[in-house]
Amino acid sequence: DEHKSSIPDVLQVLFHVHASTTNTKVRELVLAVYPAIATVMKDKFAPYLDPIITQLSPNLNQKPNTETLPVFCTSLHTLASLCRAVGTDHCKAILIQALDFSLNLYKEIDEPEFRSAIFSLGGAASRVLKNEFNTVHINKIMEHIFESLRSLDWIEDVAATESRKLEWVDEEDIDNTSNTIHDEHEVKIEEEEEEDDDDDDEDDDDER
């Protein structure tokens, strides 16, 4: 609370930095700061939302390339966080526009970072739009979520997993390791039996 009075000045500095550079990395860092401030200010952040949306809009109106993909994804995450913090009245239009645009790009951009950003925006949309959330968007998001789950390499059929050979391990090494373990186990048993015999002998001596 003691720092809230300085937040407007911080925002003005961020606005100036964003406006005075064309470096996408710097702009990405600026955009990444806004969600934390919005979380603190909540509805009091609303007056600052319009200039931030102005900063976000160009990033969300054209298909990203390799260089601009990080700032595109950051813009989606930032928009999602702002919508959650401030509410739908101030960002409904750009939220729907960004969701529609990014969902249309889903099949073209095979990047986990991109998918994560879309799912984050979809989660924000479901929270702030509620009954106004377009069922077409919902169906697309659910379809993509299930596609992502099915595509995970570590999800395998149990039977296939059990029968699959570990190709990076030599079978001879496995046999040698198994034999070594077996031999060590046999030696341990023999040692324990010898210890038991010694204990029995000591007990007999004591009785005498």
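Just above, that's the structure.
What you are looking at is a predicted structure, and each value in this text was computed from that prediction instead of being measured. (Residues numbered from 1 in each chain as written. Predicted model: local features only at pLDDT ≥ 70, side-chain atom pairs only at ≥ 80, totals over all residues. Heavy atoms only, no water.)

Trainee: Any chance you could break down the overall build of the protein for me, citing the residues and the numbers?
Mentor: When its secondary structure is counted, the protein shows nine helices and zero strands. Secondary structure elements of the protein occur, N-terminal to C-terminal, as α-α-α-α-α-α-α-α-α. Here the protein, with 208 residues, has 31% of them falling under the buried criterion. Long-range pairs, those at least 24 residues apart, make up 67% of the contacts in the protein with a sequence separation of at least 6. Carbon and sulfur atoms provide 50% of the accessible area of the protein, an area that totals close to 13,900 Å². (Helix = DSSP H or I, 4+ residues; strand = E, 2+ residues; numbered from the N terminus. Buried < 20%, exposed > 50% of the residue type's maximum accessible area, 1.4 Å probe, protein only. Contact = heavy atoms within 4.5 Å. Areas by Shrake-Rupley, 256 points an atom, 1.4 Å probe, with all protein chains shown as cover.)

Trainee: An account of helix α3 (residues 49–56) is needed here, citing residue identities and associated values.
Mentor: Residues of α3 that are buried include every one of Leu49, Ile52, Ile53, Gln55 and Leu56, and no others. Buried positions in α3, seen along its axis, are confined to an arc of 155 degrees and lie on one side of it. Exposed residues on α3 whose side chains face more than 90 degrees from its buried face are Asp50 and Thr54. Of the surrounding secondary structure, the elements contacted by the buried residues of α3 are α1 (7–19), α2 (24–41), α4 (69–86) and α5 (92–104). (Arc of directions from axis to C-beta.)

Trainee: Account for the pattern of salt bridges, with residues named and values stated.
Mentor: Taken as a whole, this structure holds three salt bridges when the rule is applied. We note a salt bridge from Lys25 to Glu28, for which the minimum N-O separation is 3.7 Å. Of this pair, Lys25 and Glu28 both sit in helix α2, separated by three residues, roughly a single helical turn. Between Asp110 and Arg115 there is a salt bridge, with its nearest N and O atoms 2.8 Å apart. Judged by relative accessible area, which is 64%, Asp110 ranks as exposed. (Salt bridge = Lys/Arg side-chain N within 4 Å of Asp/Glu carboxyl O.)

Trainee: Quick rundown of a nonpolar patch on the surface? Include the residues and the values.
Mentor: On the surface, Ile138, Met142, Phe146 and Leu149 cluster together to form a nonpolar patch covering roughly 330 Å² of accessible area. Along the chain, the position of Phe146 falls in helix α7 (residues 135–151). (Patch = residues over 30% accessible without salt bridge, like charges linked within 9 Å, V, L, I, M, F, W, Y side chains within 5 Å.)

Trainee: Hey, could you go over the nonpolar core for me, with residue numbers and the actual values?
Mentor: Ranked by internal contacts, the top residues of the largest apolar core, which has 47 residues, are Leu11, Tyr34, Phe45 and Leu79. Counting residues per element, the ones that place at least two in this core are α1, α2, α3, α4, α5 and α6 (112–129). Once residues lying within four places of it in the same chain are set aside, the contact partners of Phe45 are Leu11, Tyr34, Ile37, Ala38, Ile52, Leu82 and Val86. (Core = buried A, V, L, I, M, F, W, Y, C linked by side-chain atoms within 4.5 Å.)

Trainee: A description of the layout of surface pockets should follow, citing residues and the corresponding values.
Mentor: Approximately 240 Å³ is the volume found for the largest pocket. In this structure, the largest pocket is lined by 15 residues; those nearest its centre are Pro58, Asn59, Gln62, Thr68 and Val71. Secondary structure elements with two or more residues in the lining of the largest pocket: α2, α3 and α4. Of the residues that constitute the lining of the largest pocket, the class distribution is four nonpolar, nine polar and two charged. (1 Å grid on protein atoms, 1.4 Å probe; cavity = no way out; pocket = protein on both sides within 12 Å on 5 of 7 lines; lining within 4 Å. Points joined across faces, edges and corners; volume = space filled by probe spheres on them. Nonpolar A, V, L, I, M, F, W, Y, C, P; charged D, E, K, R; others polar.)

Trainee: Just give me the short version of α2, but keep the residues and values in it.
Mentor: Over its 18 residues, α2 runs 26 Å from end to end, which matches the ideal 26 Å to within 8%, given 1.5 Å per residue. Glu28, Val30, Leu31, Tyr34, Pro35, Ile37, Ala38 and Met41 are the residues of α2 that are buried. Against the buried residues of α2 lie α1, α3 and α4. After α2 finishes, the residue Lys42 shows a positive phi value of roughly 55 degrees. (Expected span 1.5 Å × (residues − 1).)

Trainee: A description of the side chain of Ser75 should follow, citing residues and the corresponding values.
Mentor: By the secondary structure assignment, Ser75 is in helix α4. Dropping the residues within four chain positions of it, Ser75 is found in contact with Leu31, Leu56, Asn59 and Leu60.

Trainee: Talk me through the packing of α5 against α6; I want residue IDs and the actual numbers.
Mentor: In a packed pair of helices, the relevant descriptors are the angle between the two axes and the axis-to-axis distance. Running from amino to carboxyl end, α5 crosses α6 at an angle of 145 degrees, the nearest separation of the two axes being 10 Å. Taken as a pair, α5 and α6 cross one another with a handedness that is left-handed. Residue-level contacts link Lys92, Leu95, Ile96, Ala98, Leu99, Ser102 and Leu103 of α5 to Phe114, Ile118, Leu121, Gly122, Ala125, Val128 and Leu129 of α6. Here the contact of α5 with α6 is built from residues that sort into eleven nonpolar, two polar and one charged. (Axes fitted to C-alpha atoms, helices over the stretch in contact; angles between N-to-C directions. Left-handed = near helix turned anticlockwise from the far one by under 90°.)

Functional significance is not addressed by these values, which are geometric in nature.
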